[in-house]
Amino acid sequence: MKKIAIFASGNGSNAENIIRYFKENPQSAEVALVICNKPQAGVLYRAEKLGVPTAVITKSELNDSVFMLELLQQHSVDLIVLAGFLQMIPAFLINSYRDKIVNIHPSLLPAFGGKGMFGRNVHEAVVAAGVQETGITIHLVTEKYDDGAILFQAKTDVTHQDTPDSVETKIHSLEKEYFPQIIEKFFCK
Ligand code: GRF
């Protein structure tokens, strides 16, 4: 049974969905810790409501290898899931958790990836570009932004009627459907 730490900065709908999924599938994994860099983020309330320990960390704590590795070891973490975490993962974490850090990106990478491409910016760029499809990418995290091995992608149509809001809704529903199961398939079997 794997122990997961979810890193998130915002609303936390993916974090909540993953926590609930593994509460229903406890033979595979347990979310042992939610780490957040924003004291007011919705993800903290969602995690606390579901009885999952949380840690709010500063940027300097995130970059402090002794602090971070101890925190993760205290909770016996063996897998890190990034779900809307808006800070750069330091190299020591990538080295210590090589091939055990997974991210979800709300587009079909390499399209709409890279600097500045997070959250709503992605959906605005997708609509502005007039592409006919978008989707989600679940990938390993390496030293290079949005560049690790792609584990899974799922697509959805973009029509002329779509707005950044409606694209976001479609993306969230793909994320809800697939993210926990892909974590289970690649890391918990
Ligand atoms: C998701 O769309 C995810 O793909 C991206 O950030 C968003 C986080 O949403 N990396 P939420 O906080 O899980 O609701």
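Up top you'll find the structure we're talking about.
Bear in mind that the values here come from a model prediction, so they are computed numbers and not experimental data.

1. Some remarks on the side chain of Thr 156
Okay, step 1: Of note, Thr 156 is situated in strand E7 (residues 150–157).
Okay, step 2: The class for Thr 156 is buried, based on a relative accessible area of 17%.

2. Some details on the site of the ligand
Okay, step 1: All residues adjacent to the ligand are Asn 11, Gly 12, Ser 13, Asn 14, Gly 84, Ile 104, Pro 106, His 172 and Glu 175.
Okay, step 2: At a separation of 3.1 Å, a nitrogen atom of the ligand approaches a polar backbone atom of Ile 104.
Okay, step 3: The separation between an oxygen atom of the ligand and a polar side-chain atom of Glu 175 is 2.3 Å.
Okay, step 4: Relative to its unbound accessible surface of 370 Å², the ligand loses 87% to contact with the protein.
Okay, step 5: When residues of the shell around the ligand are traced back to their parent elements, those giving at least two are helix H1 (13–24) and helix H7 (164–187).

3. Things to note about the side chain of Asn 103
Okay, step 1: In this fold, Asn 103 is placed in strand E5 (residues 101–105).
Okay, step 2: Other than its neighbours up to four places away in sequence, Asn 103 contacts Leu 82, Thr 137, Ile 138, His 139, Val 141, Asp 146 and Phe 179.

Parameters and conventions
Residues numbered from 1 in each chain as written. Predicted model: local features only at pLDDT ≥ 70, side-chain atom pairs only at ≥ 80, totals over all residues. Heavy atoms only, no water. Helix = DSSP H or I, 4+ residues; strand = E, 2+ residues; numbered from the N terminus. Buried < 20%, exposed > 50% of the residue type's maximum accessible area, 1.4 Å probe, protein only. Near = heavy atom within 4 Å. Polar contact = N/O pair within 3.5 Å; in protein donor to acceptor, adjacent residues only side chain to side chain. Areas by Shrake-Rupley, 256 points an atom, 1.4 Å probe, with all protein chains shown as cover. Contact = heavy atoms within 4.5 Å.

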